[in-house]
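Here's the letter readout for the chains.
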Amino acid sequence: MLSNYSFRGKYASYVSFLTKDWRMENSNDSFRIFSRYIDIYMISAIFGIIYNKTAKYDPEDNQDEYKDFPNAEIRGEMFVKESLKINSVYKVMILISPKLELSENERVDKAFRGTEDDKEMQKLLESYVLGGLIHIHNLFKDVRTAEEASKKMFDIVDQFNNDKKTIPNYQNR
Amino acid sequence: MLLNSIKVKNFRQFKGEQEVTFSTDEQKNLTVILGDNTAGKTTLIQAFKWGLYGNTNFKTGEKLLNSDVELSMRKDDIEEVIVNISLVHEGLEYHIERSQRFRSYESGSARADSLPKFTIHCFENCQYRRIKDEYGNMVEKILPQNLSDYFFFDGEKISSISEKKNLKEAVTNLMGLTPVMNMINHLNPKERGTAYTELSMRLVQTGDSELDVLKRQVDRIKKDIEADTATQSRKEMERVAFDDAYDRALKALENHKAAVKKTKRRSELLIKLRSYNSKFDTHILDIKNDFDNLGFRIFINPLMLKAAKIIKSADMDDKGIPDMNSRSIDYIIERGFCICGTDLKKEPVAMKEIMKQKEFLPPQSIGTSIHDFVQQIESNDEKFRHNYDVVKRSYKSIIDTKEIISEIKDEITEIGDFLKKQPDVSKLEEDYQTAKANRKQVYEYLSTLKTRIDDNEQELKSVEGKIKKIVENDGVNDATLRQMQYAKILYDRMVNVYDNKSRRILEEMNSTIKDVFSKMYHGVRDIHIDEEYRVHIAVERSGNLEASSGLDVVKNFAFIAGLLKIAKESIKEDDIQTEPYPLVMDAPFSKADAVHISNISKLLPDVAEQIVMMIMDKDWSHVEPVVANRIGHIYRLDKKTETYTIIKAE
């Protein structure tokens, strides 16, 4: 994907929240949960796939609340810069998404032989991004200080560490 | 003292002249007067008390003069009430008579028209003479009124006999110690107004000018000492107050020094707090950076592992040449010879083979890609633990720093609270200096006072010594000095006598009472009297009314018996002698049970010189068997009417 991508409406508000500057108590430094929109994009996609959460832009969503909310745009060059990571997410999505009715061979073939211009796959990826974004926003929405946000970050990482113990290790296959 | 007889005339219900003669036989010393309730037993006791002391305890409306006699009187008739008691005291016979004249002012009614007449006659050396005794002092000597209740008592009062107040005084009196006590009081050198101090006062009243001067000196010095001692007491209280104030001021200042120290510490803590707050922020940013840098790899790890499983299941193995793609093959074909140098145009088999390889290279073959991806997954998984630990360490730093910050803040708060309570320093210093000065001043003053008092006491000793020397050398005072010496010796001796006798009396009383009690009481009990002569029984009562009443009766009889026995045995020491007394009892057994009646009756004739027992028939039936051989005289009070009783000898 080389073109720009924008989060709109309520998703833009979520992105705005997740990238807002929290003033540090004892210094002039500022703190953000996520530094870049592209990070939100990638992590949201991962969370969307992990928790099988998808979402889409619904014209029937209440636009009044967010109608004046500016879009959160990711420029094309950011996608280029992080192409390796995004590519990994894309491959993983095809390989394991339950939303695709493909055999394993077909998944592998599509993941490794297919191109990123596959509109269907792009649409699926976006749905995971939006679904994951809602999930992440819910995790952080009650945070009020940098300290609380940092605690939440660690809690999420810690949860992954705990969950890992239940996921069969690749080396043990 | 022994009673011979009592004659009554018109005394209450005893109309006309009537007489009771008491047995004075040593063995048969019991005189019994029988009579039921209201027959006149109590009246006879009243006759004794009126005759001896002029007292009556009649109820309201009751009269001295017999009612029948009064009713029979016509206007201006005169009648008399007479009580005449004959007794023996210290070997002499006395006749004590009290009479009251009544005049009738209208028929059937009379009243006393003069004061009672009282006479005492004594029969000595075959002569009968009247004793002048306006104030009844002789009767007091024979039987002191305050003791009379012990020897003339009625059954109703028996329970309270041994619980009267001033028992000690009564016993002391009975035992003849009152004169001894009087002498002690009279001679006491330590009290004012005694013979001794009167004598000592005489010593200095010689008119000698040197002595007068010295005496005045003594007065002055004593006054000074007294004044200084009073001041010393006041100043001592001030000293205590100033010491307290000083201690408090000193402590406040010390607290202040602590405050200075704490303020310094607080400044240090504030600097430390700033540093740690800064560290805290740094650690938060660290975890944020870790999240940025490592978050993706951590979060994608489980997905990658799942994907790896899918790849394995698909088994799309890599058959391709690593790091080579189909463009590389096209290049080789175009240049015409292989990497090994084979001319492909000349070798069609080689050409065919090399073109076949294109199938296994991307984009036609995905094996390489799969291989690369799997390696990426493995690499990511290996680093997962490390990545997680990095984030965890950053978070731990946040926690640790926060804890330290909390501790610092707590200490700062604590110091703040302490400092809030510290008063202003300048005021503290002022208080301290004031307290110090006051304290110093009062100590100095007390020291001066002490020196002055000591000096005065020395001087007093010296002046008194001079006085003594003058007095000793002065012949005029010789006699007085001897008298003072004599008085002192006598005093000491009397004190000794009194103490010894009191102690012996108490011991004897205790011994006697225990002995008598054990014989009178049918139970097992322990009894003793204390220094005030109060009777104690260290027991538990049976709860039975009769038994408890019986216990009281026996207790009090034992007490009386103790008194009588001691009096009878006439403890002689240093010429102090007591006299035995008779025992006149009115219905003594009204509250005792049969066993006790029997026990008491058996014992009493032995403890008293003479017993007069006024008793009801029902009680007499229990008593008579045990005292049959001790009966001297028996009388019966024959109640004819409410107003007329005859005393009959049986």
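Before going into details, it helps to say that this report is about the structure given with it.

**Details of the packing of helix H8 (residues 209–314) of chain B against helix H11 (residues 367–420) of chain B**
In a pair of packed helices, the angle between the axes and the distance between the axes together describe the arrangement.
Residues and elements named next belong to chain B.
In step 1: Direction vectors running N to C along H8 and H11 enclose 160 degrees, while the axes themselves pass 5 Å from each other. With respect to H11, the axis of H8 lies roughly antiparallel. Pair H8 / H11 crosses with left-handed handedness.
In step 2: Partitioning the contact of H8 with H11 into residue classes produces 33 nonpolar, 12 polar and 12 charged.

**Notes on the side chain of Ser601(B)**
In step 1: Positionally, Ser601(B) belongs in helix H15 (residues 594–607).
In step 2: With residues near it in sequence (within four places) discarded, Ser601(B) still touches Phe589(B), Val623(B), Val626(B) and Val627(B).

**Section: the nonpolar core**
The nonpolar side chains of a soluble globular protein tend to be buried, and buried together.
All names here are of chain B.
In step 1: The biggest cluster of nonpolar side chains holds 123 residues, and the ones touching the most others in it are Phe559 and Leu583.
In step 2: The leading source of residues in this core is helix H13 (residues 478–520), at 12 residues.
In step 3: With residues near it in sequence (within four places) discarded, leucine 583 still touches Tyr150, Phe151, Phe153, Ile560, Leu564, Leu604, Ala608, Gln610, Ile611 and Val612.

**Overview of the pattern of salt bridges**
Residues and elements named next belong to chain B.
In step 1: Counted according to the given criterion, the structure contains 38 salt bridges over all chains.
In step 2: For aspartate 219, the salt bridge is made with lysine 215, and the minimal N-O distance between the two is 3.2 Å. With aspartate 219 and lysine 215 both in helix H8 and 4 residues apart, the pair spans about one turn of that helix.
In step 3: The partly exposed category is assigned to aspartate 219, whose relative accessible area is 34%.
In step 4: Glutamate 444 is the salt-bridge partner of lysine 440, the closest N and O atoms lying 4.0 Å from each other. With a gap of 4 residues between them, lysine 440 and glutamate 444 both fall in helix H12 (residues 425–473), about one helical turn apart.
In step 5: The exposure class assigned to lysine 440 is exposed, which follows from its relative accessible area of 54%.

**A closer look at empty space enclosed by the protein**
In step 1: One pass over the full model with this rule turns up 2 cavities of 30 Å³ or more.
In step 2: Here the largest cavity defines a volume of roughly 70 Å³.
In step 3: Around the largest cavity sit Phe34(A), Asp39(A), Met42(A), Ile43(A), Lys85(A), Phe291(B), Asp292(B), Gly295(B), Phe296(B) and Phe299(B), which together line it.
In step 4: Elements with a contribution of two residues or more to the lining of the largest cavity: helix H2 (37–50) of chain A together with H8 of chain B.
In step 5: Residue contributions to the lining of the largest cavity peak at 5 residues, all from H8(B).
In step 6: A class-by-class count of the residues in the lining of the largest cavity yields 6 nonpolar, 1 polar and 3 charged.
In step 7: The computed volume of the second largest cavity comes to approximately 30 Å³.
In step 8: The wall of the second largest cavity is formed by Tyr41(A), Met42(A), Ala45(A), Ile86(A), Val89(A) and Leu125(A).
In step 9: Of all the secondary structure elements, the ones that give two or more residues to the lining of the second largest cavity are H2 and helix H5 (83–96) of chain A.
In step 10: It is H2(A) that contributes the most residues to the lining of the second largest cavity, 3 residues altogether.
In step 11: Of the residues that constitute the lining of the second largest cavity, the class distribution is 6 nonpolar, no polar and no charged.

**What to know about the environment of Ala307(B)**
In step 1: In this structure, Ala307(B) sits in helix H8.
In step 2: A relative accessible area of 0% places Ala307(B) in the buried class.
In step 3: Linking Ala307(B) and Ile377(B), residues 70 residues apart in sequence, is a C-alpha distance of 8.8 Å.
In step 4: Setting aside its immediate chain neighbours within four residues, Ala307(B) contacts Val92(A), Leu95(A) and Ile96(A).

**Some points on the interface of chain B and chain A**
In step 1: Tallying the contact residues gives 50 residues for chain B and 49 residues for chain A.
In step 2: Interface area for chain B against chain A, summed over the two sides, is near 4,600 Å², with a carbon-plus-sulfur share of 73%.
In step 3: For the chain B face of the interface with chain A, the top three residues by lost area are Phe291(B), Phe296(B) and Phe299(B), together amounting to 16%.
In step 4: Linking chain B to chain A there are 1 salt bridge.
In step 5: Among the salt bridges present, the one from Lys402(B) reaches Glu147(A), with a minimum N-O distance of 2.5 Å.
In step 6: When residues in the side of chain B that touches chain A are grouped by element, the largest group, 29 residues, is from H8(B).
In step 7: Residues of the side of chain B that touches chain A, tallied by class, amount to 29 nonpolar, 9 polar and 12 charged.

**Quick look at helix H1 (residues 41–53) of chain B**
Residues and elements named next belong to chain B.
In step 1: If you check H1, its first and last C-alpha atoms are 19 Å apart, about what 13 residues at 1.5 Å a residue would give, namely 18 Å.
In step 2: Taken across its 13 residues, H1 has 12 buried, putting it largely inside the fold.
In step 3: At the C-terminal side of H1, glycine 54 shows a positive phi close to 80 degrees.

**Looking at unusual backbone geometry**
Residue and element names in this part refer to chain B.
In step 1: Positive phi outside glycine occurs at threonine 38, with the angle close to 70 degrees.
In step 2: Tracing the chain through its elements places threonine 38 in the loop between strand E3 (30–34) and H1.
In step 3: Residue threonine 38 is classed as exposed on the basis of its relative accessible area of 55%.
In step 4: Positive phi is not limited to glycine here, since aspartate 76 has a value of about 75 degrees.
In step 5: Tracing the backbone shows aspartate 76 in the loop between helix H2 (67–72) and strand E4 (78–89).
In step 6: Relative accessible area serves as the criterion here: at 44%, aspartate 76 is assigned to the partly exposed category.

About the cut-offs
Residues numbered from 1 in each chain as written. Chains lettered and ligands numbered in written order. Predicted model: local features only at pLDDT ≥ 70, side-chain atom pairs only at ≥ 80, totals over all residues. Heavy atoms only, no water. Axes fitted to C-alpha atoms, helices over the stretch in contact; angles between N-to-C directions. Helix = DSSP H or I, 4+ residues; strand = E, 2+ residues; numbered from the N terminus. Parallel < 35°, antiparallel > 145°, perpendicular 65-115°, else oblique. Left-handed = near helix turned anticlockwise from the far one by under 90°. Nonpolar A, V, L, I, M, F, W, Y, C, P; charged D, E, K, R; others polar. Contact = heavy atoms within 4.5 Å. Core = buried A, V, L, I, M, F, W, Y, C linked by side-chain atoms within 4.5 Å. Buried < 20%, exposed > 50% of the residue type's maximum accessible area, 1.4 Å probe, protein only. Salt bridge = Lys/Arg side-chain N within 4 Å of Asp/Glu carboxyl O. 1 Å grid on protein atoms, 1.4 Å probe; cavity = no way out; pocket = protein on both sides within 12 Å on 5 of 7 lines; lining within 4 Å. Points joined across faces, edges and corners; volume = space filled by probe spheres on them. Buried area = accessible area lost by both parts, 1.4 Å probe. Expected span 1.5 Å × (residues − 1).

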